[in-house]
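# What the coordinates show
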Amino acid sequence: MIVFTIVGSFWLEIFLKVGVLKRIKRVILAVAPISFLFIAWDAYAIRSGHWRFDREQILGIFGPFCIPLEEYLFFIVVPIAAIMTIEAVRRVKKDWPV
Amino acid sequence: MSYTQLAIFAVLCAIIFDLYITEIRLMRRRVFWTSYAIIIAFQLLTNWWLTSRNIVMYDPNVITGIRIASAPVEDLLFGFALVLGVLSNWIRIGALKKRS
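Residues numbered from 1 in each chain as written. Chains lettered and ligands numbered in written order. Predicted model: local features only at pLDDT ≥ 70, side-chain atom pairs only at ≥ 80, totals over all residues.

### Examining the interface of chain A and chain B
- Counting from both sides, the interface comprises 32 residues of chain A and, opposite them, 31 residues of chain B.
- Those elements that place two or more of their residues in the side of chain A that touches chain B are α1 (2-15), α2 (24-48), β1 (51-53) and α3 (69-92) of chain A.
- In terms of residue count, the dominant contributor to the side of chain A that touches chain B is α2(A) (nine residues).
- Residue composition of the side of chain A that touches chain B, by class: 21 nonpolar, six polar and five charged.
- As paired strands, β1(A) and strand β1 (residues 56-58) of chain B are joined by three bridges and run antiparallel to one another. Bridge pairing in β1(B) places Phe53(A) opposite Val56(B). (Contact = placed C-beta atoms within 7 Å. Helix = DSSP H or I, 4+ residues; strand = E, 2+ residues; numbered from the N terminus. Nonpolar A, V, L, I, M, F, W, Y, C, P; charged D, E, K, R; others polar. Pairing = 2+ DSSP bridges.)

Pasting the structure below:
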C-alpha cells in the first residue's frame, strides 16, 4: 500500500513538475514535527491495544516503540504525497490564493 | 483515552494549529479542500484495503463502530489531522522563505 501511495502521487513530481523532492529540506522541516507527534500517538495506540497488525501481512521489522517499519514509512510517505497533491493543485489553479 | 476521543482531539489540535499557530488558515482556502478531496479518495481506498484484509485490526471497545469503506470513521479524522497539520506547516515554511 505504501508502494501504491508512492506510485499514485510521485508521478506528480515528474509530470507536473511540482518540485517537492527538490525542496527536501522544506519537506523535512514540514513533515518531521507533525509526524513525530503522530508516531507518538501510534506508539501509545499500539501499546494500549487500540490497533494491532496481522504479523503475517507485514514485513515483521520493528522500529523503536515496537512500531512496524511500515508505520514509520507511512508517516514519511503519506505527508509527502499530501504535499505533492496540494502543490499539483496550486500548479493547475494558479489564481487560487493560499 | 479511546481512539475516538484521541481522533477528535487531534482534529481540534490541527485546526487550532492551522488557524492560530501557523496562521496560514488553510481551512479557509479552496486549494486545501480541493487537495483534501483528492487525498480522501485515495485514503478511503487504502483504508479499505488495509482493514478489509485485516492487515490492521481495531479494538472494538475504543472505536464508535461506525465504519466507512470498512475502516473506522476515526481513521478519517486521524487522516484529516495529519494532512491539515503537515500542509499548514509546509505552507508556513514556504511563506517564511519568501519573506527572507
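### Quick look at the nonpolar core
- One finds Ile80(A), Ala82(A), Ile83(A), Leu82(B), Val83(B), Val86(B) and Leu87(B) to be the most contacted residues of the largest nonpolar core, which totals 42 residues.
- Counting residues per element, the ones that place at least two in this core are α2 and α3 of chain A together with α1 (3-21), α2 (30-52) and α3 (73-99) of chain B.
- Among the elements that take part in this core, α3(A) stands out by supplying twelve residues, more than any other.
- Contact partners of Leu87(B), with chain neighbours within four places excluded, come to Ala82(A), Ile83(A), Ile86(A), Leu26(B) and Phe32(B). (Core = buried A, V, L, I, M, F, W, Y, C linked by C-beta atoms within 7 Å. Buried ≥ 20, exposed ≤ 12 C-beta atoms within 10 Å, placed from the backbone.)

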